[in-house]
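Coordinate inspection notes
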Amino acid sequence: MTGIYARLGVKRRINAAGTLTRLGGSLMSDAVLDAMRDAAQGSVDIGELQSAAGRAITRATGAEAGLVTSGAAAALTLAAASCIAGFDVAKMARLPDTRGMPNEILIPRTHRNAYDHALRAAGAVLVDIGHNDRGTGAGIRGLEAWEIDAAITPATVAFAFTANPETIPALPGIADACRRRGLKLIVDAAAQLPPASNLRAFIAAGADLVVFSGGKAIGGPQASGILAGKRDLIASALLQQLDMDVDPARWAAPEIVDRARVPVPPHHGIGRAFKVGKEEIVGLIVALENFAARDDAAHAAGLRARLEAIAASLPKGRTRITGSRIPLLEIDAGDGPAAAAKLQAGDPPVHIGERDLAKGVLLVDLQTVRAADDAKLAAALARAIT
Ligand SMILES: *Cc1c(COP(=O)(O)O)cnc(C)c1O
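Residues numbered from 1 in each chain as written. Predicted model: local features only at pLDDT ≥ 70, side-chain atom pairs only at ≥ 80, totals over all residues. Heavy atoms only, no water.

Looking at the packing of aromatic side chains
- A complete count under the given rule lists one aromatic pair for this structure.
- Between the aromatic rings of phenylalanine 202 and phenylalanine 212, the centroid separation amounts to 6.3 Å while the plane-to-plane angle is 50°, which identifies the pairing as tilted. Taken together, the residues phenylalanine 202 in helix α10 (residues 198–204) and phenylalanine 212 in strand β7 (residues 209–213) connect sequence positions 10 residues apart.
- Given a relative accessible area of 0%, phenylalanine 212 falls into the buried group. (Phe/Tyr/Trp six-rings, centres within 6.5 Å; stacked < 30°, edge-to-face > 60°. Helix = DSSP H or I, 4+ residues; strand = E, 2+ residues; numbered from the N terminus. Buried < 20%, exposed > 50% of the residue type's maximum accessible area, 1.4 Å probe, protein only.)

Here it is, written out as structure tokens:
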């Protein structure tokens with residue numbers, strides 16, 4: 001199981017930090033791997049396969065349509081490209097050069113994060129709105145509807161919303177404001193799973209497009225993601241992702257593309273640079289179906305029981321289990337940064353969540369730890385704390 005990494009001289013690490021991309025993201029189940037292996041040995045029309053993925057995404061999310069991307073970040077770029085270009089093949093051909101075309105996306109200041117780059121990669125210009133009074137402690141007011149109105153210009157195409165448990169309550173109101181003003185609402189829900197019910201929550205709350213990571217809790221391929229939403233927006237995104245070196249006379253467009261509105265095939269679009277393989281598409285479909293059918297409470301209880309066993313091997317009074325959707329073990333380590341450094345320098349190297357490290361707290365997340373490694377992890381933690 002560790003064979004390929006050993007042969008390549010790459011250390012296999014215990015990742016108790018969560019589904020982080022830089023540590024390889026989720027671990028895949030045999031069911032997902034079997035499907036990918038099957039897919040790898042047969043040829044298909046990728047547009048037809050994406051249509052099947054779309055049907056699976058529709059069933060899981062309640063959205064009109066969906067496609068598999070090479071990650072949630074890629075889905076954000078495609079979302080922006082779709083809102084900017086629509087079915088205009090000349091615009092598709094020009095992206096990310098958006099000079100002279102509507103290209104502005106409104107974003108609350110409090111929702112800015114490092115994945116904004118993915119929206120800008122399509123040529124979108126982000127327009128900050130609202131204050132960050134709660135973030136700075138300067139006051140209590142959040143984004144208000146008039147601030148959306150004041151920011152809208154003829155160049156505005158969309159509104160970008162970053163979902164997390166704190167921002168989600170504001171979503172229905174913002175969706176309503178966007179609908180009344182003709183703005184497309186893009187929701188970044190990359191890491192808002194579990195609960196599995198969130199697969200449907202953002203579409204139900206009025207999002208036009210929502211993105212999820214395939215390589216986080218869903219347990220799909222690390223380089224996979226989901227873009228789900230309105231049929232025409234998804235069709236535009238798909239056209240800008242697919243390989244389009246086709247003869248216009250014999251072009252078999254994917255089923256969600258309205259040929260009356262796209263009479264000629266576009267050229268390779270901006271998403272051609274982050275294409276998705278048949279293996280990732282199939283792996284994502286199977287992982288999504290399994291994730292949607294999973295019992296969140298039973299899954300969390302399983303993780304909690306493993307955390308309790310690890311905590312039992314650590315000094316009394318230094319640990320507590322928090323988090324309900326994804327249970328976490330918090331460990332008072334004394335010198336947090338020193339403990340984290342010691343864990344990373346160990347054999348095997350161990351990575352823990354570092355959010356509260358400055359307070360001396362190590363966070364242990366078992367989503368990406370194989371149960372067979374729990375004893376090794378517990379021993380490393382016991383050695384690292386002071
Ligand atoms: C992880 C994450 C992404 C990127 O997801 P990938 O699937 O790795 O591309 C985007 N936005 C947020 C908020 C995330 O947490």
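What follows picks up the thread again.
Topic: the sheet that holds β7
- In space, the seven strands of this open sheet follow the order β2-β8-β7-β6-β5-β3-β4, with mixed pairing throughout. Of all the strands in the sheet, the pair left with one neighbour each is β2 (65–69) and β4 (125–129). The average undirected angle you get between the axes of adjacent strands in this sheet is 25°.
- In this structure, strand β6 (residues 184–188) lies alongside β7, joined through three bridges in parallel fashion. Across the sheet, the residue bridging to isoleucine 186 is leucine 209, located in β7.
- Contacting β2, β3 (104–108), β5 (156–162), β6, β7 and β8 (225–229), helix α4 (residues 72–85) runs over the sheet at an angle of about 165° to β7.
- Contacts between helix α11 (residues 231–239) and the sheet are confined to β2, β6, β7 and β8, with β2 contributing the most and set at about 25° to the helix. (Pairing = 2+ DSSP bridges. Axes fitted to C-alpha atoms, helices over the stretch in contact; angles between N-to-C directions. Contact = heavy atoms within 4.5 Å.)

A look at helix α14 (residues 336–344)
- Buried within α14 we find Gly336, Ala339, Ala340 and Leu343. Buried positions in α14, seen along its axis, are confined to an arc of 100° and lie on one side of it.
- On the buried face of α14, the contacting elements are β11 (350–352), β12 (361–364) and α15 (374–384).
- Where α14 begins, the capping side chain belongs to aspartate 335, and its oxygen is found 3.2 Å from the backbone nitrogen of alanine 338. (Arc of directions from axis to C-beta. Polar contact = N/O pair within 3.5 Å; in protein donor to acceptor, adjacent residues only side chain to side chain.)

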